[in-house]
Amino acid sequence: MATAKNYTECMNPATGAIIGQSPLHTVKDLEAMVAKGRSAQPAWRATPIRERVRKIRKIERHLMDRLDDMARILAEDDGKLRFDALTTEIIPAVLATRY
């Protein structure tokens, strides 16, 4: 898969401060990413349900262990309150691991 060579600056809309960079991918890059995901699906489908649950619970723990950091980053990137980042993005993602 190609690596992005161009980047865009990420700016905190509340302060105007540059907080990082984000890669710009080509259509070809995105098509390769989608193809890679699709090629992984048969192996995931063949994975026993107990193993899938174990892996998804690991994602849940990862998210829970990093709630504060993720809320801070989302607040900086989107200009929203940390509370809003938690309640509208992070906690729903955690809850989705239980679906």
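For the structure itself, look to the data block above.
Cut-offs applied
- Residues numbered from 1 in each chain as written.
- Predicted model: local features only at pLDDT ≥ 70, side-chain atom pairs only at ≥ 80, totals over all residues.
- Heavy atoms only, no water.
- Helix = DSSP H or I, 4+ residues; strand = E, 2+ residues; numbered from the N terminus.
- Rg over C-alpha atoms; globule rule 2.2 N^0.38 Å.
- Buried < 20%, exposed > 50% of the residue type's maximum accessible area, 1.4 Å probe, protein only.
- Core = buried A, V, L, I, M, F, W, Y, C linked by side-chain atoms within 4.5 Å.
- Contact = heavy atoms within 4.5 Å.
- Polar contact = N/O pair within 3.5 Å; in protein donor to acceptor, adjacent residues only side chain to side chain.
- Pairing = 2+ DSSP bridges.

Asker: Looking at this model, I keep getting lost on the overall build of the protein chain. Mind explaining?
Answerer: Tallying secondary structure elements over the protein chain gives 4 helices and 2 strands in all. Counting from the amino terminus, helix and strand elements in the protein chain follow one another as β-β-α-α-α-α. Over its C-alpha atoms the protein chain spans a radius of gyration of 17 Å, topping by over 25% the 13 Å that the globule rule assigns to 99 residues. Over its C-alpha atoms, taken along the principal directions, the protein chain stretches across nearly 50 × 35 × 15 Å. Out of the 99 residues in the protein chain, the part that is buried amounts to 15%.

Asker: In this structure, what is going on with the nonpolar core? I would like to understand it.
Answerer: One recurring pattern in soluble globular proteins: nonpolar side chains tend to sit buried together. Counting residues in each nonpolar core, the largest one holds 5 residues, listed as L67, A71, L74, A85 and I90. Those elements giving two or more residues to this core turn out to be α3 (67-78) and α4 (82-96). Here this core gets 3 residues from one element, more than from any other, and that element is α3. Ignoring any residue separated from it by four or fewer positions in sequence, one finds A71 in contact with R82, A85, L86 and I90.

Asker: Even after reading the chapter, I still don't get the side chain of T97, so can you show me in this structure?
Answerer: Locating T97 in the fold gives a position in the segment after α4. Polar contacts involving the side chain of T97 include one to the main-chain carbonyl oxygen of V94, which spans 2.5 Å. Beyond its immediate stretch of four places on either side in the chain, T97 contacts I56, R57, I59, E60 and L63.

Asker: When you look at the pairing of strand β1 (residues 6-11) in this model, what are you seeing that I'm missing?
Answerer: Here is the key point about a regular strand: its side chains alternate between the two faces of the sheet. Summarising the sheet, β1 and strand β2 (residues 18-24) pair through 6 bridges and their orientation is antiparallel. When the sheet's bridge partners are listed, C10 is paired in β2 with G20. Hairpin connection from β1 to β2: 6 residues lie between these consecutive antiparallel strands, with G16 at a positive phi of about 80°.

Everything listed here is a matter of geometry and, on its own, says nothing about what the molecule does.
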